[in-house]
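# Descriptive structure summary
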Amino acid sequence: MRKPDYDDVIERLHAVADDYGGQLTQYAEADGYPLYHLDLPGPEGAPRFLLSAGIHGEEPGATTGFLAWSEHDLAKWLHIFHIEAFPCLNPWGFERGIRYDAVERDLNRCFKDDPAPPAVQMVRRLTEGKRYAMAVDMHEDCDYYGFYVYERLERGPNVAPALLQRIALEGPLSYGEEGDEPPIEQGLVRMQWPKDKTLVQLAAERPKWPLAFYLYHVADHVITVETPGLQPLDVRVRMQRAAAETALSFTQRRLGL
Ligand SMILES: [Zn+2]
């Protein structure tokens, strides 16, 4: 298998931006690598949809899946949504297959930190004051054979049933592992959390924020998808594509577009 190559990622992202009238802009640098934001505006006033991938370096199927989705599936959404993406938030880790950044930080626990790592600062700077109809954080779980998703929602319908039905066409869903806390049932993480508190209130009680906790402040609907690292990369890439597609069509229907 080819080693993950960030230059190849950048080249493909530039091609996507050029093909679809978007902008690929470097907003930061981390561990000697440029960090990019991809902006695909769509029609005036279109609802915003955010995708993020690659904050954990040992989860290559997230960034690779995002690339495959953007190359094959993106075009049909551009007349409906304003799509933004952070395609690879930890390029140092991506090239080395390491979860953390060069100074051993888990960037997906640094979203409340001050000062924060460059990738975190970039995400905050580019999303603050905006409102996203939905945000999808793309991950992998290296220890799993099956796919699973986190979905926390204060109100409105969940995307998980449709998403899991679609993912099951590509490969197995996770039925959980011994000792999982919270438990996973047929691909859905059964979050135990007090219903009398908003997501923002719950986040405020936590000392360390993953990206999803930050996203609760800027998005109406946040999901984290985890493709199974023990499956072949092509299966995981198809799962990531299918997840992005299902999330977009769900949001399109939810907004009546
Ligand atoms: Zn992860």
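Remember, it's a predicted structure, so these values are computed and weren't measured experimentally.

### Digging into the environment of Pro41
- Assignment of secondary structure puts Pro41 in the loop between strand S2 (33-40) and strand S3 (48-53).
- With a relative accessible area of 35%, Pro41 lands in the partly exposed category.
- Spatially, the C-alpha atoms of Pro41 and Val218 are 18 Å apart, while their sequence positions differ by 177 residues.

### A word on helix H1 (residues 6-19)
- Helix length check: H1, at 14 residues, gives a terminal C-alpha distance of 20 Å against a target of 20 Å (1.5 Å per residue), a fit within 8%.
- The secondary structure elements touched by the buried residues of H1 are strand S1 (23-30), S2, helix H2 (60-72) and helix H3 (91-96).
- The opening residue of H1 is Asp5, an N-cap whose side-chain oxygen sits 3.0 Å from the backbone nitrogen of Asp7.
- One or two steps after H1, the chain reaches Gly21, where phi turns positive at roughly 65 degrees.

### Brief notes about the environment of Leu211
- Along the polypeptide, Leu211 turns up in helix H7 (residues 211-215).
- Residues Leu211 and Phe111, 100 residues apart in the sequence, show an inter-C-alpha distance of 6.0 Å.
- With sequence-adjacent residues up to four places away left out, Leu211 is seen in contact with Ser52, Leu89, Asn108, Phe111, Val123 and Asp137.

### Description of the packing of helix H5 (residues 160-167) against helix H8 (residues 233-254)
- Viewed as axis vectors pointing N to C, H5 and H8 meet at an angle of 150 degrees, and their least axial separation amounts to 9 Å. Relative to H8, H5 is oriented so that their crossing is right-handed. Counted together, Ala162, Leu163, Arg166 and Ile167 of H5 and Met239, Ala242, Ala243 and Thr246 of H8 form the full contact between these two elements.
- Classifying every residue of the contact of H5 with H8 by side-chain character gives six nonpolar, one polar and one charged.

### Some thoughts on the coordination of the zinc ion
- On the protein side, the zinc ion has His56 (ND1), Glu59 (OE), Glu59 (OE) and His139 (ND1) as donor atoms, found 2.1 to 2.4 Å from it.
- In this structure, the zinc ion is surrounded by four donor atoms whose angles at the metal cover 57 to 148 degrees, and the resulting shape is irregular.
- Coordination of the zinc ion draws on donor residues from a single chain, spaced H-x2-E-x79-H in sequence. With Glu59 in the loop between S3 and H2 and His139 in strand S5 (residues 132-141), the pair connects residues that are 80 residues apart, well separated along the chain. Residues Glu59 and His139 agree in their burial class; the two are buried.

### Comments concerning the pattern of salt bridges
- Evaluation of the coordinates by the stated rule reveals 18 salt bridges.
- Linking Asp234 and Arg238 is a salt bridge whose minimum nitrogen-to-oxygen distance equals 3.6 Å. With Asp234 and Arg238 both in helix H8 and four residues apart, the pair spans about one turn of that helix.
- Here the salt bridges do not stand alone but share partners, grouping Glu58, Glu59, Arg99 and Asp106 into one network.

Quick notes on the rules
- Residues numbered from 1 in each chain as written.
- Predicted model: local features only at pLDDT ≥ 70, side-chain atom pairs only at ≥ 80, totals over all residues.
- Heavy atoms only, no water.
- Helix = DSSP H or I, 4+ residues; strand = E, 2+ residues; numbered from the N terminus.
- Buried < 20%, exposed > 50% of the residue type's maximum accessible area, 1.4 Å probe, protein only.
- Expected span 1.5 Å × (residues − 1).
- Contact = heavy atoms within 4.5 Å.
- Polar contact = N/O pair within 3.5 Å; in protein donor to acceptor, adjacent residues only side chain to side chain.
- Axes fitted to C-alpha atoms, helices over the stretch in contact; angles between N-to-C directions.
- Left-handed = near helix turned anticlockwise from the far one by under 90°.
- Nonpolar A, V, L, I, M, F, W, Y, C, P; charged D, E, K, R; others polar.
- Donors = N, O, S within 2.8 Å, 3.2 Å for Na, K, Ca; no water.
- Tetrahedral: all angles 85-135°; square planar, octahedral: opposite > 155°, others 65-115°.
- Salt bridge = Lys/Arg side-chain N within 4 Å of Asp/Glu carboxyl O.

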